[in-house]
Amino acid sequence: MKKRKTAIVLGATGLTGGLLLDQLLKDERYEKVKVFTRRSLGFTHLKLVEFKVDLFRLTEQKNHFIGDEVFCCIGSTQKKTPNKEVYKKVDVGIPTQASVLAKENQINTFIMISALGADLESWFFYNQIKSNQRKGRS
């Protein structure tokens, strides 16, 4: 029998992250799903390990950020985060910190969701930020 994996999820309180979390909790290949979140998910599960943290200080969680795969579904909307600097901290800063932690902790699989229309040349700030993230720029 293959070793069962530990997944790390960022953004589990959002739509996409929540759907992913549901699938990971049902998936027999995973024995543990670690979620790093700023607010509680509001439920428990045998596989679920929830870390309520300040995501802007994610690097402080290095000792807990240990697993086999990272799924980064973090992001905001212009309506929720109208301040462009804060928006960039969420959509670029948090995933960047997560990728650094993954590398430091030798997690070789890092899966990140971007956005439809992500384009560095877009007229829209949101699409530019998602493109910067996708292309490894900040």
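In case you missed it, the structure is sitting above this.
Everything quoted here is computed from the prediction, not taken from an experiment.

Before going further, it helps to examine the pattern of salt bridges. Overall, the coordinates contain 6 salt bridges when judged by the stated rule. Between Glu69 and Lys5 there is a salt bridge, with its nearest N and O atoms 2.8 Å apart. Placement of Glu69 in strand β4 (residues 69-72) and of Lys5 in strand β1 (residues 5-10) is noted, with a sequence separation of 64 residues between them. Across the pair Glu104 and Lys62 runs a salt bridge, and its minimum N-O distance is 3.5 Å. Of this pair, Glu104 sits in helix α2 (residues 84-104) while Lys62 sits in the loop between β3 (48-52) and β4, and the two are 42 residues apart along the sequence. Under the relative-accessibility criterion, Glu104 is labelled partly exposed at 43%. Judged by its relative accessible area of 34%, Lys62 is partly exposed.

The next point concerns unusual backbone geometry. The backbone phi angle of Gln106 is positive, close to 55°, even though this residue is not glycine. With respect to the helices and strands, Gln106 occurs in the loop between α2 and β5 (109-112). According to the relative accessible area criterion, Gln106 is exposed, its value standing at 68%.

Take the side chain of Gln97 next. Within the fold, Gln97 resides in helix α2. Within the structure, Gln97 has its side chain in polar contact with the backbone nitrogen of Leu58 (distance 3.0 Å). Excluding its chain neighbours within four sequence positions, the residues that come into contact with Gln97 are Leu55, Phe56, Arg57, Leu58 and Thr59.

Each value, and the rule that gives it
- Every chain is numbered independently, its residues counted from 1 as its sequence is written.
- Two thresholds apply to this predicted model, a pLDDT of at least 70 for residue-level local features and 80 or more for giving and counting side-chain atom pairs, whereas whole-chain, interface and lining totals are computed over all residues.
- The side-chain figures draw on all heavy atoms in the structure; neither hydrogens nor water molecules are used.
- Definition used for salt bridges: Asp or Glu carboxyl oxygen within 4 Å of a side-chain nitrogen of Lys or Arg.
- The numbering of helices and of strands both runs from the N terminus, where a helix is a DSSP run of H or I of at least 4 residues and a strand a run of E of at least 2.
- Accessibility here uses a 1.4 Å probe with only protein chains present; expressed as a share of the type maximum, an area under 20% marks a residue as buried, one over 50% as exposed, and anything in between as partly exposed.
- Here a polar contact is recorded for every N or O atom pair within 3.5 Å, except that within protein the pair must consist of a potential hydrogen donor and a potential acceptor, and residues adjacent in sequence are included only if both atoms are side-chain atoms.
- The criterion used for residue contact is that any of the two residues' heavy atoms lie within 4.5 Å.

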